[in-house]
Amino acid sequence: MSSATMNEEPDALSVVNQLRDLAADPLNRRAIVQDQGCLPGLILFMDHPNPPVVHSALLALRYLAECRANREKMKGELGMMLSLQNVIQKTTTPGETKLLASEIYDILQSSNMADTGSVNEMNSRRRKAQFFLGTTNKRAKTVVLHIDGLDDSSRRNLCEEALLKIKGVISFTFQMAVQRCVVRIRSDLKAEALATAIASTKVMKAQQVVKSETGEEMLVPFQDTPVEVEQNTDLPDYLPEDESPIKEQDKAVSRVGSHPEGGASWLSTAANFLSR
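Residues numbered from 1 in each chain as written. Predicted model: local features only at pLDDT ≥ 70, side-chain atom pairs only at ≥ 80, totals over all residues. Heavy atoms only, no water.

As annotated in an unreviewed UniProt entry, the chain carries the name Armadillo repeat-containing protein 1 and is attributed to Monodelphis domestica. What the UniProt record of the chain gives under Function (unreviewed entry) is the line "In association with mitochondrial contact site and cristae organizing system (MICOS) complex components and mitochondrial outer membrane sorting assembly machinery (SAM) complex components may regulate mitochondrial dynamics playing a role in determining mitochondrial length, distribution and motility." The UniProt entry for the chain carries the following comment under Subunit (unreviewed entry): "Interacts with mitochondrial contact site and cristae organizing system (MICOS) complex components IMMT/MIC60 and MICOS10/MIC10. Interacts with mitochondrial outer membrane sorting assembly machinery (SAM) complex components SAMM50 and MTX1." (UniProt positions renumbered as here; feature names shortened; annotations may be inferred.)

A word on the sheet that holds strand E2 (residues 169-175). Taking strand neighbours across the sheet as the criterion, the five strands line up as E2-E3-E1-E4-E5 in an open arrangement whose pairing is antiparallel. Each end of this open sheet is capped by a strand with a single partner; those strands are E2 and strand E5 (217-221). Neighbouring strand axes in the sheet, compared pairwise and without regard to direction, differ in orientation by 35° on average. Judged from the four bridges that link them, strand E1 (residues 140-148) and strand E4 (residues 205-211) form a sheet pairing that is antiparallel. From the neighbouring strand, Ile147 faces E4, where its bridge partner is Ala206. The sheet strands contacting helix H11 (residues 191-199) are E1, E2, strand E3 (180-186) and E4, and the helix crosses E1 at an angle near 35°. (Pairing = 2+ DSSP bridges. Helix = DSSP H or I, 4+ residues; strand = E, 2+ residues; numbered from the N terminus. Axes fitted to C-alpha atoms, helices over the stretch in contact; angles between N-to-C directions. Contact = heavy atoms within 4.5 Å.)

Relative to the elements of secondary structure, Ile185 occurs in strand E3. Take Ile185: its relative accessible area is 0%, and that puts it in the buried class. Setting aside anything within four residues of it in sequence, one finds Ile185 in contact with Arg139, Ala140, Lys141, Val143, Gly168, Val169, Ile170 and Leu194. (Buried < 20%, exposed > 50% of the residue type's maximum accessible area, 1.4 Å probe, protein only.)

Attention now goes to the packing of aromatic side chains. Applying the stated criterion across every chain yields a total of one aromatic pair. Residues Phe172 and Phe174 carry aromatic rings whose centres are separated by 5.8 Å and whose planes lie at 70° to one another, so their mutual orientation is edge-to-face. When its relative accessible area of 2% is taken as the criterion, Phe172 is described as buried. Note on Phe174: relative accessible area 10%, which makes it buried. (Phe/Tyr/Trp six-rings, centres within 6.5 Å; stacked < 30°, edge-to-face > 60°.)

Axis separation between helix H4 (residues 51-65) and helix H7 (residues 95-109) bottoms out at 10 Å; the angle between their running directions is 30°. Taken as axis vectors, H4 and H7 run roughly parallel relative to one another. Crossing geometry of H4 relative to H7 is assigned as left-handed. For the pair formed by H4 and H7, the contact residues are Val54, His55, Leu58, Leu59, Leu61, Arg62 and Ala65 on the first element and Glu96, Thr97, Leu100, Ala101, Glu103, Ile104, Ile107 and Leu108 on the second. Each residue belonging to the contact of H4 with H7 can be placed in one class, and the counts come to 10 nonpolar, two polar and three charged. (Parallel < 35°, antiparallel > 145°, perpendicular 65-115°, else oblique. Left-handed = near helix turned anticlockwise from the far one by under 90°. Nonpolar A, V, L, I, M, F, W, Y, C, P; charged D, E, K, R; others polar.)

Taken as a class, soluble globular proteins show a tendency for nonpolar side chains to be buried jointly. Counting 66 residues, the largest nonpolar core has Leu58, Leu61, Met80, Leu84 and Leu194 as the members making the most contacts within it. At 10 residues, the largest contribution of residues to this core is made by H4. There are two domains that each give this core at least three residues, and those are domain 1 (12-110) and domain 2 (140-221). Discounting chain neighbours no more than four positions away, the residues touching Leu61 are Leu39, Leu42, Met46, Met74, Met80 and Ile104. (Core = buried A, V, L, I, M, F, W, Y, C linked by side-chain atoms within 4.5 Å. Domains from an automatic or database assignment.)

On to H4. Between its first and last C-alpha atoms H4 spans 21 Å; for 15 residues at 1.5 Å apiece the expected length is 21 Å, and the two agree. The element H4 is extensively covered by neighbouring structure, given that 14 of its 15 residues are classed as buried. (Expected span 1.5 Å × (residues − 1).)

A few words now on the confidence of the model for the chain. Model confidence for the chain is summarised by a mean pLDDT of 76, while 67% of its residues fall at 70 or above. Per-residue pLDDT, averaged within each element of the chain, yields its smallest value for helix H12 (residues 246-258) (39) and its largest for H4 (95). Here residues 2-10 is modelled with pLDDT under 50, and outside its nearest four sequence neighbours on either side it reaches three contacts, counting other chains as well. A low-confidence stretch, residues 236-264 (pLDDT under 50), is modelled with 36 contacts involving residues beyond four sequence positions or located in other chains. (pLDDT = per-residue confidence, 0-100.)

Structurally, the position occupied by Asp35 is in the loop between helix H2 (29-34) and helix H3 (38-45). A distance of 2.9 Å separates a polar side-chain atom of Asp35 from the backbone nitrogen of Gly37. A polar contact of 3.3 Å, which involves the side chain of Asp35, links it to the backbone nitrogen of Cys38. (Polar contact = N/O pair within 3.5 Å; in protein donor to acceptor, adjacent residues only side chain to side chain.)

A few words on the pattern of salt bridges. Tallied over the entire structure, the rule returns 10 salt bridges. As a salt-bridge pair, Glu66 and Arg62 come within 2.9 Å of each other at their nearest N and O atoms. Relative accessible area serves as the criterion here: at 32%, Glu66 is assigned to the partly exposed category. Shared partners join several salt bridges into a network, and the residues in it are Arg62, Glu66, Glu103 and Arg184. (Salt bridge = Lys/Arg side-chain N within 4 Å of Asp/Glu carboxyl O.)

Written out as structure tokens, the structure is:
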């Protein structure tokens, strides 16, 4: 590998990781999608030869797609749906990355169904999406965690790092106001593994949120016996301690959240990098 590509590698990963961390904050999601350079950049990153870059770009897109108002623009962005299909169909794509891309494809594909109100059109589109995705969704399940101690963005970053290390985690979104994390995992991964990973932060503890027969939510504590967690070797640690201290991360996220113009200037920097 030439030294030029070696030098570009950390750049791409650090830019896409910063975008992912910004997208994790709901306050930034509209601004990122409105920005001229960010969506085209994330689409380019989906084609990147380095798997962690692709996975991180998809996590950013998954966060952005949480915001309903973003979905139409994302779906219409040149190359978006095609790049997602490429990631899903590429034989070399890791399983978790495929599932994450399928999930985003599904969300965007059904984005204007609610507006059309046409049930038939909705069903035929859904069938097409299922045909295209095959049995993907049967291989994934959703676990809702209530996390004691999840009360600021530095804790959220710790939690994010712990979950990213587990093999079998596809995606996750945080609902900070209610101290919850909704995690999509492969169906063969035990939910206990998530609890073990979160307990390893030493400052947070997870319980599972389940619905009783009457539809009421209950918190179920996990057993205290730690489960052997299979580490995710495909993805490096996203935030090496020496390069991205959590405190700085925290400031960056909250600064962007509180001053849109601060966010815009950071985003334009990212856009400049992407258009090089």
